[in-house]
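Residue-level listing of the chains:
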Amino acid sequence: QEMMSSSKEDIYSYVKSYGPAGIASIIIVGGVFWAMYIPVIIFSYHQATGEWISPQLILFPVGATKVAVTALGFWSLARVLFPLRM
């Protein structure tokens with residue numbers, strides 16, 4: 001209960017006080033968050049456009065722009081969901 005009402009900086013300070021184990025836990029939690037979110041991005045892009053993200057799509061200007069705009073939208077959603085990982 002007390003931890004939920006603390007600020008983000010207080011939580012990070014508390015976790016870092018555990019030394020390398022605390023820092024490793026932050027890295028692991030962040031890695032798990034992105035490992036779960038990136039497949040969601042790829043599948044959602046496929047559902048929205050009907051094509052899979054491929055190197056050819058990214059290398060050509062029109063495809064790269066489409067991927068960049070879509071990625072920006074998913075990044076915005078990730079920023080909203082990011083606090084839920086703690």
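Conventions used here
Residues numbered from 1 in each chain as written. Predicted model: local features only at pLDDT ≥ 70, side-chain atom pairs only at ≥ 80, totals over all residues. Heavy atoms only, no water. Axes fitted to C-alpha atoms, helices over the stretch in contact; angles between N-to-C directions. Helix = DSSP H or I, 4+ residues; strand = E, 2+ residues; numbered from the N terminus. Parallel < 35°, antiparallel > 145°, perpendicular 65-115°, else oblique. Contact = heavy atoms within 4.5 Å. Nonpolar A, V, L, I, M, F, W, Y, C, P; charged D, E, K, R; others polar. Phe/Tyr/Trp six-rings, centres within 6.5 Å; stacked < 30°, edge-to-face > 60°. Buried < 20%, exposed > 50% of the residue type's maximum accessible area, 1.4 Å probe, protein only. Patch = residues over 30% accessible without salt bridge, like charges linked within 9 Å, V, L, I, M, F, W, Y side chains within 5 Å. Areas by Shrake-Rupley, 256 points an atom, 1.4 Å probe, with all protein chains shown as cover. Salt bridge = Lys/Arg side-chain N within 4 Å of Asp/Glu carboxyl O.

Engineer: Just checking my understanding: could you explain the packing of helix α1 (residues 8-16) against helix α2 (residues 20-49) for this structure?
Structural biologist: Helix-helix packing is characterised by the crossing angle of the two axes and by the distance between the axes. Contact geometry for α1 and α2: axes closest at 7 Å, N-to-C directions at 125°. Relative to α2, the element α1 lies oblique. Residue-level contacts link Tyr12, Val15 and Lys16 of α1 to Gly22, Ile23, Ser25 and Ile26 of α2. Residues that form the contact of α1 with α2 fall into these classes: four nonpolar, two polar and one charged.

Engineer: Sorry if this is basic, but what is going on with the packing of aromatic side chains here?
Structural biologist: Geometrically, a pair of aromatic rings is defined through the distance of the ring centres and the angle of the planes. Applying the stated criterion across every chain yields a total of four aromatic pairs. Taking the centre distance of 5.6 Å and the plane angle of 85° together, the rings of Tyr14 and Tyr18 count as edge-to-face. Looking at Tyr18, the relative accessible area reads 52%, which means it is exposed. Relative to Tyr37, the ring of Trp34 lies with its centre 5.8 Å away and its plane at 75°, an arrangement referred to as edge-to-face. Note that Trp34 and Tyr37 are positioned in helix α2 at a spacing of three residues, about one turn of the helix. Here the aromatic residues Phe33, Trp34 and Tyr37 are joined through ring pairs into a cluster of three or more.

Engineer: Got a minute to help me understand a nonpolar patch on the surface in this structure?
Structural biologist: A cluster of nonpolar side chains, contributed by Ile38, Ile42, Phe43, Trp52 and Ile53, occupies part of the molecular surface with about 470 Å² of accessible area. Looking at the secondary structure, you find Ile53 in the loop between α2 and α3 (55-59). On the basis of relative accessibility, which here comes to 32%, the residue Ile53 falls in the partly exposed class.

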